[in-house]
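Close look at the chain arrangement
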Amino acid sequence: MTLNPQEFMQKMEQRMLFSNSDKAILNFYADWGKTVVSEMTNCFYDYLGRDPEMSSILNASDGRIHRLRETFIEWFQEMFTGMDAWGTNYAERRWRIGLIHVRVGIGPQHVVPAMATVVREITQKLQAESKGNELRDALSKICMIDLAFIEQAYIKVSSKAVLKESGWTEGSFRRLIATDAAVV
Ligand code: HEM
């Protein structure tokens, strides 16, 4: 149960209809991204900070929130540049972000509303500046691809841990999940 980040990236690009023209639009607006990143970072951490559970995760250790603000700024800008044109580096970076969230115990209930907040704030900003839908659509697609990496890391790591601990095969594990899902 391993994941090849580049293959996963390609699959997500196809499924999300993330096209070359989306990439060109993002590249074109990379400087605009730099002008709004600070405001987006503030909105994001204000939102997380208003949730007691997420706030306690963010402030669990000294300097974490400061470090997080820095990494969020990088993450946001990488959506526009694609790092290496959304190639291997981009995919591996997104996979690593996913793994880090799993390690610190952040699940779908945290990360999905958080990404929805990013998309909402971007949309509001673009509307306020009367920017067209093309940039909003491209950003929404890449946000969803990044979200898929974090979600996939969660399921991959949890499944791997269960298989290792229990000694089950992947097939029997899948059957157990299907059986349980049928009775829940
Ligand atoms: C849109 C969703 C999110 C994005 C894009 C995001 C982005 C990132 C990035 C780029 C990193 C740094 C990874 C690295 O060090 O290589 C990180 C780490 C982390 N994130 Fe997030 N994050 C998201 C959601 C959340 C949420 C909802 C929480 C908590 C409630 C959270 C808490 C953390 C923590 C605790 C770390 C590790 C910080 C440390 O180094 O101590 N993240 N995140």
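A short tour of the structure in this document, coming up.

What counts as what
- Residues numbered from 1 in each chain as written.
- Predicted model: local features only at pLDDT ≥ 70, side-chain atom pairs only at ≥ 80, totals over all residues.
- Axes fitted to C-alpha atoms, helices over the stretch in contact; angles between N-to-C directions.
- Helix = DSSP H or I, 4+ residues; strand = E, 2+ residues; numbered from the N terminus.
- Parallel < 35°, antiparallel > 145°, perpendicular 65-115°, else oblique.
- Contact = placed C-beta atoms within 7 Å.
- Nonpolar A, V, L, I, M, F, W, Y, C, P; charged D, E, K, R; others polar.
- Near = placed C-beta within 6 Å.
- Buried ≥ 20, exposed ≤ 12 C-beta atoms within 10 Å, placed from the backbone.

The contact between helix α7 (residues 108–128) and helix α8 (residues 133–166) brings their axes to 10 Å, and the two run at 170°. Taken together, the axes of α7 and α8 lie roughly antiparallel to each other. Along the contact surface, α7 presents Pro108, Val111, Val112, Met115, Val118, Val119, Ile122, Thr123 and Leu126, while α8 presents Leu135, Arg136, Leu139, Ser140, Cys143, Leu147, Ile150, Glu151 and Tyr154. Split into classes, the residues belonging to the contact of α7 with α8 amount to 14 nonpolar, two polar and two charged.

Within the secondary structure layout, Lys160 lies in helix α8. Counting along the chain gives 109 residues from Lys160 to Asp51, while the straight-line C-alpha distance between them is 30 Å.

Now for the site of the ligand. Contacts to the ligand come from 21 residues, most closely from Met54, Thr71, Trp75, His110 and Ala114. Contributing elements (two or more residues each) for the shell around the ligand: α4 (52–58), α5 (64–85), α6 (88–103) and α7. Ranked by residue count, the leading element in the shell around the ligand is α5, at six residues. Grouping the constituent residues of the shell around the ligand by class yields 15 nonpolar, three polar and three charged.

Within the chain, Leu17 stands out as a residue other than glycine whose phi angle is a positive 55°. For Leu17, the location among the structural elements is in the loop between α1 (5–15) and α2 (20–28). On the neighbour-count criterion, Leu17 (9 C-beta atoms within 10 Å) is exposed. With phi around 55°, Trp86 is a residue other than glycine that occupies positive phi space. Following the sequence through the fold, Trp86 ends up in the loop between α5 and α6. C-beta crowding within 10 Å serves as the criterion here: with 24 such atoms nearby, Trp86 is assigned to the buried category.

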